[in-house]
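Structural description and commentary
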Amino acid sequence: MAGTQERRAEVLRAIVTDYITSREPVGSKSLVERHKLGVSSATIRNDMGVLEAEGYITQQHASSGRIPTEKGYRAFVDTIHDIKPLSRAEHRAILSFLQDGVDLEDVLRRSVQLLAQLTRQVAVVQVPTLTVSHVKHCEIVQLTPHRLLLVLITDTGRVEQRNVEVTSEIPTEDVPRVRDAVNRALSGRTLAEAPDAMESLVAHAPRELRSVIVACATVIVETLVERPSDRLILAGASNLTRTQEGSNALRPVLEALEEQVVVLKLLAAARDLESVHVSIGEENETEELRGASIVSAGYGGAAERLGGLGVVGPTFMDYPGTMSHVAVVAKYVGDVLRGE
């Protein structure tokens with residue numbers, strides 16, 4: 001019995017593989033010709049009948065071959081225990097392309113451009129969330145006697161700018177003192193730790209600087225901590241409509257991708273830095289994405305997730321190849337951001 005189940009699993013893998021490659025229904029004759037399954041065509045037809053009855057494949061017309069269902073794709077993906085390795089040349093090319101990025105945004109933009117090109121799907125990446133990034137430096141520049149520009153730089157290279165308005169005029173010589181005080185309080189901390197740091201800073205601020213420091217602390221906490229600006233970078237949207245089938249089935253996906261909150265939730269599903277997450281069709285909570293598959297992975301340090309990246313495409317995508325490319329790009333994005 002175990003041998004029969006294993007053979008049917010192999011038949012299913014062959015059907016999924018052939019359909020992904022050809023986008024044509026797969027018949028028993030072609031399976032016998034292309035794959036060494038070690039049984040007759042009649043046995044293959046019987047196995048296909050069982051797989052269809054169990055919901056793994058379906059037949060569009062009485063005389064046509066079979067195509068995988070979402071259940072079939074899921075069973076196929078669940079058998080991919082080892083991600084397909086890339087060649088050394090591919091590894092070197094990917095790492096070199098990412099290392100040429102001039103700053104954080106450029107590295108992330110390159111990562112989605114590369115993923116879109118490699119997978120021929122839509123690629124998305126989440127800019128590192130401020131709440132897990134560590135503050136590297138906070139620059140404060142005086143714009144007018146009553147306005148400061150606060151520039152926050154994190155260890156991941158993210159830069160955030162905010163204006164700080166104060167009611168009383170700020171003496172020019174006080175600006176460096178305010179900057180040094182803010183940096184002593186924030187440097188090396190995550191923004192999740194900022195509220196306590198700012199509270200302590202305000203409590204111990206010199207009287208002559210107190211109003212300015214209160215204004216800066218308020219902006220940091222209210223705009224960067226309580227309302228962090230998660231952002232996405234996207235590439236390859238035109239890939240969704242490169243085929244008629246993709247155009248018809250995935251048109252709603254284009255609309256869903258415009259809602260950043262939806263995509264951020266998808267990328268959040270990939271929490272483990274060591275694995276790739278695959279969500280297929282009806283497994284997606286968002287209705288517009290139920291005709292698509294999402295392959296995603298987290299990127300970051302050895303134990304700290306900075307963000308997520310992934311690929312959105314049709315359910316008939318090349319899962320082994322896509323999972324491999326997503327895993328490698330996620331790893332190298334983390335390496336580059338850490339300076340390794």
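Here the residue numbering is sequential within each chain, running from 1 through the sequence in written order. Local features are withheld for residues below a pLDDT of 70 in this predicted model, meaning they are given only at 70 or higher, and side-chain atom pairs are given and counted only at 80 or more; totals for whole chains, interfaces and linings count all residues. Computation of side-chain values covers all heavy atoms of the structure but excludes hydrogens and water.

Attention now goes to the overall build of the protein chain. Helix and strand definitions follow DSSP, with helices as H or I runs of at least four residues and strands as E runs of at least two, each counted in order from the N terminus. Regarding its fold elements, the protein chain presents 12 helices and 10 strands. Throughout, exposure labels follow a simple rule: accessible area from a 1.4 Å probe, protein chains only, divided by the maximum for the residue type, with under 20% read as buried, over 50% as exposed, and the rest as partly exposed. Each of the 340 residues in the protein chain was classed as buried or not, and the buried ones make up 48%. Across the protein chain, the fraction of contacts at a sequence separation of at least 24, relative to all contacts at a separation of at least 6, is 61%. Just so you have it, the protein chain exposes about 16,800 Å², and 49% of that area is on carbon and sulfur atoms. Side-chain charges in the protein chain split into 37 positive and 46 negative, and the spacing between the mean points of these groups amounts to 5 Å. Working rule for contacts: check all heavy atoms of both residues, and any pair within 4.5 Å makes them a contact. Each accessible area is a Shrake-Rupley estimate made with a 1.4 Å probe; only the visible protein chains count as cover when residues are assessed. His residues and chain termini do not enter the charge count, which takes Lys and Arg as positive and Asp and Glu as negative. Where a charge lies is defined by one atom per residue type: Lys uses NZ, Arg uses CZ, Asp uses CG and Glu uses CD.

Our next topic: the packing of helix α6 (residues 104-119) against helix α12 (residues 319-337). Under this scheme, a helix contributes an axis fitted over its contacting stretch, all axes are lines through C-alpha atoms, and angles between N-to-C directions fall in the 0 to 180 degree range. Here α6 crosses α12 at 165°, and the two axes come no closer than 10 Å. When the axis of α6 is compared with that of α12, the two are roughly antiparallel. Of the two possible hands of crossing, α6 and α12 adopt the one that is right-handed. Taking contact as the criterion, the partners of L104, V107, L108, S111, L114, L115, L118 and T119 in α6 are, on α12, T322, H325, V326, V329, V333, V336 and L337. Considering only residue class, the contact of α6 with α12 consists of 11 nonpolar, four polar and no charged. Working rule for angles: under 35 degrees goes down as roughly parallel, over 145 as roughly antiparallel, 65 to 115 as roughly perpendicular, anything else as oblique. Handedness of each helix crossing follows the sense of rotation of the near helix against the far helix: counterclockwise by less than a right angle gives left-handed, clockwise gives right-handed. The nonpolar class holds Ala, Val, Leu, Ile, Met, Phe, Trp, Tyr, Cys and Pro. Asp, Glu, Lys and Arg form the charged class, and all remaining residues, Gly among them, are polar.

Our next topic: a negative patch on the surface. Residues E255, E258, E259, E282, E287 and E288 make up a contiguous surface patch of negative charge. Structurally, E288 can be placed in the loop between β8 (277-280) and β9 (292-300). Owing to a relative accessible area of 36%, E288 belongs among the partly exposed residues under this scheme. Only residues whose relative accessible area exceeds 30% and that take part in no salt bridge are eligible for patches, with like-charged residues grouped when within 9 Å of each other and nonpolar side chains (Val, Leu, Ile, Met, Phe, Trp, Tyr) grouped when within 5 Å. The term salt bridge refers to a side-chain nitrogen of Lys or Arg lying within 4 Å of a carboxyl oxygen of Asp or Glu.

Before going further, it helps to examine the nonpolar core. In this text, buried Ala, Val, Leu, Ile, Met, Phe, Trp, Tyr and Cys residues form a nonpolar core when linked through side-chain atoms within 4.5 Å. With 55 residues, the main nonpolar core has L31, Y299, L309 and Y319 as its most contacted residues. By residue number, the principal contributor to this core is α12, which donates 10 residues. Domain start and end points were adopted from an automatic or database domain assignment. Residue assignment places this core across two domains, with domain 1 (1-79) and domain 2 (88-129 + 230-338) each supplying three or more. Discounting chain neighbours no more than four positions away, the residues touching L31 are V11, A14, I15, D18, V26, L37, I44 and M48. V135, V164, V202 and L209 belong to the second-largest nonpolar core, a separate cluster that totals 33 residues.

Right, let's talk about the domain arrangement of the protein chain for a bit. Taken domain by domain, the protein chain consists of domain 1 (1-79), domain 2 (88-129 + 230-338) and domain 3 (134-225). One C-alpha centre belongs to domain 1, the other to domain 3, and the line joining them spans 62 Å.

A word on the packing of aromatic side chains. Between the rings of Phe, Tyr and Trp (Trp by its six-membered ring), a pair exists once the centres lie within 6.5 Å; its type follows the angle of the planes, with under 30 degrees stacked, over 60 edge-to-face, and the other angles tilted. Under the counting rule described, the total for this entry stands at one aromatic pair. On the basis of an interplanar angle of 50° and a centroid distance of 5.8 Å, the ring pair of Y73 and Y319 is categorised as tilted. With Y73 in helix α4 (residues 70-78) and Y319 in helix α12, this pair connects stretches of sequence that are 246 residues apart. Accessibility classification places Y73 together with Y319 in one group, the buried group. Whether a charge sits over a ring depends on NZ of Lys or CZ of Arg being within 6 Å of the ring centre and within 35 degrees of the ring normal. Here K71 stacks its cationic end above the ring of Y56, 4.6 Å away from the centre of that ring.

Even without a glycine there, the phi angle at R23 is positive, about 60°. In this structure, R23 sits in the loop between α1 (2-22) and α2 (28-34). The partly exposed category is assigned to R23, whose relative accessible area is 28%. Not every positive phi belongs to a glycine, and R120 is a case in point at roughly 60°. Along the chain, R120 falls in the loop between α6 and β3 (122-126). A relative accessible area of 57% means that R120 is categorised as exposed.

So, on to the pattern of salt bridges. Within this structure, the stated rule accounts for 16 salt bridges. Residue R8 is joined to D47 by a salt bridge in which the shortest nitrogen-to-oxygen separation is 3.0 Å. Within this pair, whereas R8 is found in helix α1, its partner D47 is found in helix α3 (residues 41-53), the two being separated by 39 residues in sequence. Each member of the pair, R8 as well as D47, carries the same accessibility label: buried. Overlapping salt bridges bring together R7, R8 and D47 as one network.

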